[in-house]
Structure formats: C-alpha cells, structure tokens
Amino acid sequence: MHKTILLAMTLLAFSLSAFSGSPARKLIKRMKKLQRAGIMVGHQDDPVYGHDWKWELGRSDVKDVVGDYPALMGFELGHLEQGKEKSLDQVPFPRIREEVKRQHERGGIIEISWHPDNPVTGKSAWDPSGFPVREILAGGSQHAKFNTWLKRIAEFLSSLRDKDGKLIPVVFRPWHEMGGGWFWWGSKSCTPEEFKQLFVYTHDVFTRQYKLDNLVWGYSPNAGDEDFLKYYPGDEYVDLMGFDLYDFEADNAKYQGNLKRELTRLAKVGKEHKKLIALTETGAQQLPDENWFSQVFWPVAREYSFSYVLFWRNAWDQHKETYMSYPGAPSEADFKKFAAEKRTLFVNDIKNKK
Ligand code: BMA
C-alpha cells in the first residue's frame, strides 16, 4: 500500500515537473507577464490574405496601416481533418505552418481555431443536425472517424517547430461558441455533459496520446450565455478563458454594453479560476463607424486588463467579412490612433519580452 502511494506521488511529481517547463507552460507565463504591459492586438489570418490581396508573402493589412504586425495571429484548421490541402477559407495548410513559424520567429504569438465539418452529415461546422457529439464519443457510430480527424490535427500541431526542432507553443481554442446553436458541438446538438466529454477527450488524446505539450487550451463561449461555466470542462483542461462577441448590427451602444458586461464577468471568473483571459474573437462587421477602434472598442476595453483581443478576418473574396482596417479604408486614421495607445501591443512591443 505504502509503496503504491509513494510510486503514485513520484509519478505525479514527475509529470508536473515535466509539464512546468513545457512550451505551453512557458507561453502561459509569458502571456501573464505581457498582460501587465497591455492588451495584445490580434488578427485572424493576418499574413495570408487581406481586404484586397491574397497569398503575398510578408504582407499584412495591419502592417500596411501601422507599420507593425499584430502581436497575435489567429489561424484556422477547418478541413484539415478531412485530409484536404486547403482550409475552409482556401488557405493551404503548408502556408499556415510557414506563417506560424514566421510569427514565432519574429517574437509574436499564435492562436489556432478549428471549425471541422459535421461528422454525421458531412456538411459544414454550421450544420447542427444529427447529434454528432454523441456519435463521435466512445461507443458512437463515428468514433473511429473522429479519431482519424484528431490524428490529422495532432500531426499538424506537432509539425509546428522552430529552427531547433522544438515545438512552437500556440493557443488552441477548439469547440468555441458552444452556447449558441449554430455549430454541431453547440447547445442544439449536445448536452453540456456531452460537450465536456468532447473537450476532455480532445485534450486527453492530444496531450497523452500525441504528447502535445505546446497547447495553451482556450475555453471560449459566445457572449450572452447566462452561465459562462455551463460547458466548462474543468480547471485541469483549460488555461485561458475568453468569449466571442461581434457587432453585426452597427449598434455601438449595444456592443459597448455587451462588451462591458462580458469583460466584467470574465475578469471575475478568470480570477476565481486563476486563468488567463482574452477577448477571443471580436469586430464590427464591415466597420461602418470609421472611428470604431478608438471611439467604440477602446473606451470600454481600456478599463480592463486582459491578454489579447483577436479581431476577425478581412476576407478578400467576401467583403462582408471585414473586421480590420486596411490601406484606404475609412477606418485607417482611427486604427493608427488606436495602435498609438500605450496599452495596445503589436509584435515589436512584445518581441523582446520573452
Ligand atoms: C466565420 C466567417 C466565415 C469563415 C469562418 C472560419 O466567422 O468569417 O466566412 O469561413 O469564420 O474562418
């Protein structure tokens, strides 16, 4: 009996120490430190395409406006699970890998989202039918297929390595906006209990089976749910908490009210659970207010301390999907003003803070 306990304790101590020096642990430490300096500005798919360009190497709408890359870049893995060569937004996966390396090399931070297709119907992530979560968990009809999907994602995440072959740490934010009914892992398609099992299963497969110790795990519901922790899988599976909130209606006052309410709640729950906090997706669709960054977003955001804000993408092929300034945009002067704030951080502000 005694011996078993001793062995268990030794194993526990060993695994804890093994993880404390992991790329993920180091990134968490760095992000905590950076949060004291300000709020990192992030942009989805920043270096692969922009408002009116695509695939040009080194280009970025953010850089074209303010002369510096965002501190954090978001990338998307949807369709990698199918073994496809390009993401659901047409970005070739080798290019994403390359850009992750480049962002890491320049001292920036990377975030990864994943919108896999519906494993039951074969339609997109936005098809909530068929109760896919229960079908992909152990015992379900799609379990084997889901394991193959996880393998493909894990292999990609494991291929994110620096020049010395060391794993590059990334914020990994799967199964987001689960409180809404639009995704197949969301409230219309599974119970909170099934959702938690899905999160835990994904976490365990990646960390135990594939030994990925470079993932900072993000839990990121959509704004507006009455209970932020309704789908929370537990402290041991989450490193960062955030929420996704958009202004789709060109309603500044409503957005500001929501942002304030959600940031206040996030600050409280993050502190209680001792987690990093971030605004994991946001933006005003098509930026109808040219002063949105400095006059709508910042007056609320500056009252808080959180790790980063990820502004969503500027899709070259779909101008409705515009959330970031770009050269020639009406918001250009205002975004420069926003970027000049002391507490908004771009890659040059963080590159030496490791
Ligand atoms: C959504 C939209 C879609 C896109 C998806 C994944 O919010 O921007 O056009 O395909 O994100 O990036």
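Here is what the cut-offs are and how they apply
Residues numbered from 1 in each chain as written. Predicted model: local features only at pLDDT ≥ 70, side-chain atom pairs only at ≥ 80, totals over all residues. Heavy atoms only, no water. Helix = DSSP H or I, 4+ residues; strand = E, 2+ residues; numbered from the N terminus. Rg over C-alpha atoms; globule rule 2.2 N^0.38 Å. Buried < 20%, exposed > 50% of the residue type's maximum accessible area, 1.4 Å probe, protein only. Contact = heavy atoms within 4.5 Å. Lys, Arg positive; Asp, Glu negative; His and termini not counted. Charge placed at Lys NZ, Arg CZ, Asp CG, Glu CD. Core = buried A, V, L, I, M, F, W, Y, C linked by side-chain atoms within 4.5 Å. Polar contact = N/O pair within 3.5 Å; in protein donor to acceptor, adjacent residues only side chain to side chain. Patch = residues over 30% accessible without salt bridge, like charges linked within 9 Å, V, L, I, M, F, W, Y side chains within 5 Å. Areas by Shrake-Rupley, 256 points an atom, 1.4 Å probe, with all protein chains shown as cover. Salt bridge = Lys/Arg side-chain N within 4 Å of Asp/Glu carboxyl O. Axes fitted to C-alpha atoms, helices over the stretch in contact; angles between N-to-C directions. Parallel < 35°, antiparallel > 145°, perpendicular 65-115°, else oblique. Left-handed = near helix turned anticlockwise from the far one by under 90°. Nonpolar A, V, L, I, M, F, W, Y, C, P; charged D, E, K, R; others polar. Pairing = 2+ DSSP bridges. Near = heavy atom within 4 Å. Right-handed = clockwise from strand over helix to strand, strands pointing away. Expected span 1.5 Å × (residues − 1). Arc of directions from axis to C-beta.

### Focus: the overall build of the protein chain
Right, so step 1: When helices and strands are counted, the protein chain shows 11 helices and 11 strands.
Right, so step 2: Computed over the C-alpha atoms, the radius of gyration of the protein chain is 20 Å, within 12% of the 20 Å expected from 2.2 N^0.38 for a compact globule of 354 residues.
Right, so step 3: Based on the C-alpha atoms only, the size of the protein chain along its principal axes is roughly 70 × 45 × 40 Å.
Right, so step 4: Looking at the protein chain as a whole, 57% of its 354 residues qualify as buried.
Right, so step 5: Across the protein chain, the fraction of contacts at a sequence separation of at least 24, relative to all contacts at a separation of at least 6, is 73%.
Right, so step 6: Counting 50 positive and 48 negative side-chain charges, the protein chain places the centres of these two groups 7 Å from one another.

### So, the nonpolar core
The tendency in soluble globular proteins is for nonpolar side chains to be buried side by side.
Right, so step 1: Core analysis: the biggest nonpolar cluster contains 85 residues, and Leu157, Trp185, Phe206 and Phe297 have the highest contact counts within it.
Right, so step 2: Not counting residues up to four positions away in its chain, the partners in contact with Phe206 are Leu150, Ile153, Ala154, Leu157, Phe172, Lys211, Leu212, Leu215 and Trp217.
Right, so step 3: The next biggest cluster of nonpolar side chains, apart from the first, holds 21 residues, and it includes Met31, Ile109, Tyr323 and Leu345.

### Some thoughts on the side chain of Thr282
Right, so step 1: Tracing the chain through its elements places Thr282 in strand β9 (residues 276-284).
Right, so step 2: Among the polar contacts made by the side chain of Thr282, one reaches the side chain of Tyr255 at a distance of 2.6 Å.

### What about a positive patch on the surface?
Right, so step 1: Taken together, the side chains of Lys29, Lys33, Arg36 and Lys353 make up a positively charged region of the molecular surface.
Right, so step 2: Exposure remark for Arg36: the relative accessible area of 68% places this residue in the exposed category.

### As for the packing of helix α8 (residues 252-273) against helix α9 (residues 292-301)
Right, so step 1: With their axes 9 Å apart at the nearest point, α8 and α9 run at an angle of 30° to one another. Compared by their axis directions, α8 and α9 come out roughly parallel. Here α8 and α9 pass one another in a crossing that is right-handed. The segment α8 lies against α9, with Asn252, Tyr255, Gln256, Leu259, Lys260 and Leu263 engaging Trp292, Gln295, Val296, Phe297, Pro299, Val300 and Ala301.
Right, so step 2: Residues that form the contact of α8 with α9 fall into these classes: 9 nonpolar, 3 polar and 1 charged.

### So, the pairing of strand β1 (residues 39-44)
Right, so step 1: The buried count for β1 comes to 6 of 6 residues, which makes it a mostly enclosed element.
Right, so step 2: Here β1 shows two buried faces, one formed by Ile39, Val41 and His43 and the other by Met40, Gly42 and Gln44.
Right, so step 3: Bridge count for β1 against strand β11 (residues 344-345) is 2 bridges, and the pairing is parallel. Looking across to β11, one finds that Ile39 is bridged to Thr344.
Right, so step 4: One ladder, built from 4 bridges, connects β1 with strand β10 (residues 308-311); its direction is parallel. Residue Met40 lies in a different strand from β10, and its bridge partner there is Tyr308.

### Considerations on the site of the ligand
Right, so step 1: The local shell around the ligand consists of Asp89, His115, Trp126, Trp312, Arg313, Gln318 and Glu321.
Right, so step 2: One of the side-chain nitrogen or oxygen atoms of Arg313 is found 2.7 Å away from an oxygen atom of the ligand.
Right, so step 3: For the ligand, an oxygen atom lies 2.4 Å from a polar atom in the side chain of Glu321.
Right, so step 4: When the free accessible area of the ligand is taken as 310 Å², the share hidden by the protein chains comes to 80%.

### Comments concerning the pairing of strand β6 (residues 170-173)
Right, so step 1: Because side chains alternate across β6, one face comprises the buried residues Val170 and Phe172, and the other comprises Val171 and Arg173, equally buried.
Right, so step 2: Judged from the 3 bridges that link them, strand β5 (residues 109-113) and β6 form a sheet pairing that is parallel. Counterpart to Ser113 in the pairing with β6 is Arg173.
Right, so step 3: Handedness of the crossover joining β6 and strand β7 (residues 215-219) through helix α7 (residues 192-209): right-handed.

### Things to note about the packing of helix α6 (residues 143-158) against α7
Right, so step 1: For the pair α6 and α7, the least separation of the axes is 10 Å and the interaxial angle reads 50°. Our classification of the angle between α6 and α7 gives oblique. Two packed elements cross with a definite hand, and for α6 against α7 that hand is right-handed. Side by side, α6 and α7 meet where His143, Phe146, Asn147, Leu150, Ile153, Ala154 and Leu157 of the first sit next to Leu198, Tyr201, Thr202, Val205 and Phe206 of the second.
Right, so step 2: Within the contact of α6 with α7, the residues separate by chemical class into 9 nonpolar, 3 polar and no charged.

### Some thoughts on α8
Right, so step 1: Under the 1.5 Å per step criterion, the end-to-end length of α8 is 31 Å for 22 residues, consistent within 8% with the ideal 32 Å.
Right, so step 2: Looking only at α8, the buried set comprises Tyr255, Asn258, Leu259, Glu262, Leu263, Leu266, Val269 and Gly270. Viewed end-on, α8 has its buried residues packed into an arc of 145°, placing them on one side of the element. Within α8, the exposed residues directed more than 90 degrees away from the buried face are Ala253, Lys268 and Lys271.

Bear in mind that shape data such as this cannot, by itself, settle questions of function.
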